[in-house]
Amino acid sequence: MAMSAVARDTVFALRRQIAKIEGTLPERLEVPAPSAPGAIPGKVRSGFPSGIAEKQIYSDAARSDVTVVRRGLAVASPDAFLRTGIEHLDTALGGGLPKAALSEIHGLETRDAGAVAGFALSLASLILREKQGLPILWVGTAEIFREAGFPYASGLHALFGIEPEQLLFSEAPKLLDALWIAEEAARMTAFAAVMLEIRGSPRLLDLTATRRLHARAQNAGRPVLLLRQAGEAEPTAAPVRLIVSAASAASRETVAGPLAGSIGRPAFTVDIGKSRTALPGQFTLEWNPDEHAFEERRRGEERRPQEERATNPVAVVSASARGADPAPASGAVLAFPALGSPASGDQPSRQQRPAHRGPRRTG
C-alpha cells in the first residue's frame, strides 16, 4: 500500500534529523562573491569546526555554476553525480545520481517492469554519452527475463540512441549466480555501468549483498543500478532509491497543436524513496527520443497515478517475499498438446519433424 503524503513527510523529516546527528547530511556550500568583504577567490569556508583547516577550492570553484557538496568532512565535486537534466530532481537528490555507487530503481508491481526498464535505459543513454565506447552489462535471472522480456534492438537505437552492441545481457540460472556476476562485473573497467534486475524480495538480496555491490561500485568509480521488480522497500546499502511507475502519455505535438487520440513521448512517475538529502518529491518526466534527454512535464498536464490505474484496473498478485530461487521449468514447452502416440511406422524423420514439436524457450 502506498504511503500517505503525511506519513512520507514524517519519515523524511526523521531521516534528515538522524543524518544531522550522524553528520552524514550533505550541505550545500555557496561560493563567496569576489566583491564580498574578506572574500578570497577560489577559497570557500567549509563550515568545519575550529582547528580544521579550510578547504582550498581551485579556480574552477569560483564559477557560479559549481556546486560543492559536503558529506561529513568530505567534499564531492559536481562531476561525481549523473545529472538527469531536471533541476528540481537533481537538487532533491543532492546533485543527481551518484556515479560511483549503487542506485536502486524500484517498481512496486509487476506491471511496472516496462517503466522501470525504460527509465533504466534512459539513464543508460545518459551514462553512455559520457563514457563512449564502453558497453553496459545487464544481469538478470532466467525468471526475470521470462517475465519482463528483453529490450527490442531497433527500439534501443530509435528511442535511446543505444546501439545493440553497447548493451550486453547475462542470464543466470539462479540469483546467487546473478549476484556473483554483478559483483565481478562492477569492478571491471570494460563496462560503463552494470545493471542487476531482480524480481520480488528474495532472501539472498539482503543488506550484506547490497553492501558488497555498493563497495564494488565505489572502488571502481562506476554506477551499479539495481532494478527491483514487484519487491518490497527493504533496507539496502543504496544511498538513492527511486520508485518508478508509468505515467499517462500526453498527446503528440504537431504544428497545429496536440493531436487528439495520439500517444506522445514515454513518461514516468518518479518518487524519491530514499536519497542522500532525505528530501521527498514526486516528478513526472518525459523522455525525449530525439534529444535523448529528460523533460519535466508541466503542471496540470498529468493525472495522479491513482487515477491512471483506476481507469484500467487489473488484478494484482504480489511477488513472493524472502523466498528461495524459483524452481526451474520442467520439460519442454510445446506449441500444441500431443493428441496421441502415432504408430511406429508413421514417425517422421528428425529432418521432417515439425518445428513446433521441439523445445522452445519462452520469453
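What counts, and where the lines are drawn
- All residue numbers refer to positions counted from 1 along the written sequence of the respective chain.
- In view of the model being predicted, local features appear only for residues whose pLDDT reaches at least 70, and side-chain atom pairs are presented and counted only at 80 or more, with totals across whole chains, interfaces and linings using the full set of residues.
- To get the side-chain values, take all heavy atoms of the structure and skip hydrogens and water.
- Think of a nonpolar core as a cluster: buried Ala, Val, Leu, Ile, Met, Phe, Trp, Tyr and Cys residues, connected wherever their side-chain atoms sit within 4.5 Å.
- To sort residues, take the accessible area from a 1.4 Å probe on protein chains only and compare it with the maximum for the residue type: under 20% means buried, over 50% means exposed, and anything in between is partly exposed.
- Only heavy atoms enter the contact rule, under which two residues are in contact if any of them lie within 4.5 Å.
- For two strands to be treated as a pair, DSSP must find no fewer than two bridges joining them.
- A run of DSSP states H or I qualifies as a helix once it reaches four residues; a run of E qualifies as a strand once it reaches two. Both are numbered from the N-terminal end.
- Note on geometry: axes are lines fitted to C-alpha atoms, helical ones only across the stretch in contact, with angles between N-to-C directions running from 0 to 180 degrees.
- Salt-bridge detection follows one rule: a side-chain nitrogen of Lys or Arg within 4 Å of a carboxyl oxygen of Asp or Glu.
- Confidence of the predictor at the level of single residues is given by pLDDT, which spans 0 to 100.
- Paired rings are identified among Phe, Tyr and Trp, the last through its six-membered ring, by centres lying within 6.5 Å, and are further divided according to the angle between planes into stacked (under 30 degrees), edge-to-face (over 60) and tilted (the rest).

Below, the discussion takes up the nonpolar core. Core analysis: the largest hydrophobic core is formed by 41 residues, its most contacted members being F119, L242, V244 and F294. Ignoring anything within four residues of it in the chain, the contact list for V244 reads I105, H106, G107, D112, A115, V116, F119, F268, T269 and V270.

With that out of the way, let us pick up the sheet that holds strand β14 (residues 267-274). Pairing is mixed across the open sheet formed by nine strands, whose spatial order is β8-β7-β9-β10-β6-β11-β14-β15-β16. Only two strands of the sheet have a single neighbouring strand rather than two, namely β8 (167-172) and β16 (293-296). When the angles between neighbouring strand axes are averaged without regard to direction, this sheet yields 30°. Looking at chain direction, strand β9 (residues 193-199) and strand β10 (residues 224-229) are connected through six bridges and run parallel. What sits directly across from M195, in β10, is L225.

All told, the structure shown has 13 salt bridges when counted by the stated rule. In this structure, R228 engages E234 in a salt bridge whose closest nitrogen and oxygen atoms are separated by 4.0 Å. Each member of the pair, R228 as well as E234, carries the same accessibility label: buried. Put simply, E104, R228, E234 and R241 are held in one network by salt bridges that share partners.

Here we take up unusual backbone geometry. The backbone of A230 sits at a positive phi, close to 55°, despite the residue not being glycine. Relative to the helices and strands, A230 resides in the loop between β10 and β11 (240-246). Here H292, not a glycine, exhibits a phi torsion of approximately 55°, which is positive. Its location among the elements puts H292 in the loop between β15 (282-288) and β16. Note on H292: relative accessible area 21%, which makes it partly exposed.

Of the residues in the protein, 64% reach a pLDDT of 70 or more, and the chain-wide mean stands at 77. Taken as a whole, residues 28-74 scores under 50 in pLDDT and shows 63 contacts with residues more than four places along the chain or in a different chain. Note on residues 352-363: pLDDT under 50 across the span, and 21 contacts to partners over four residues away in sequence or across chains.

Turning to the packing of aromatic side chains, a few remarks are in order. Going through the model one piece at a time under the given rule, you end up with eight aromatic pairs. Both rings, one in F119 and one in F294, keep their centres 5.5 Å apart while their planes meet at 35°; by these two values the pair is tilted. In this pair, F119 sits in helix α3 (residues 113-130) while F294 sits in strand β16, placing the two residues 175 residues apart along the sequence. Comparing F119 with F294, the two get one shared label, buried. With a centroid separation of 5.3 Å and 85° between ring planes, the pair formed by F150 and F169 is classed as edge-to-face. One end of the pair, F150, is in the loop between α4 (142-148) and α5 (153-160); the other, F169, is in strand β8, with 19 residues separating them in the sequence. Take F150: its relative accessible area is 35%, and that puts it in the partly exposed class. Within the aromatic cluster, the residues linked to one another by ring pairs are F119, F160, F268, W287 and F294.

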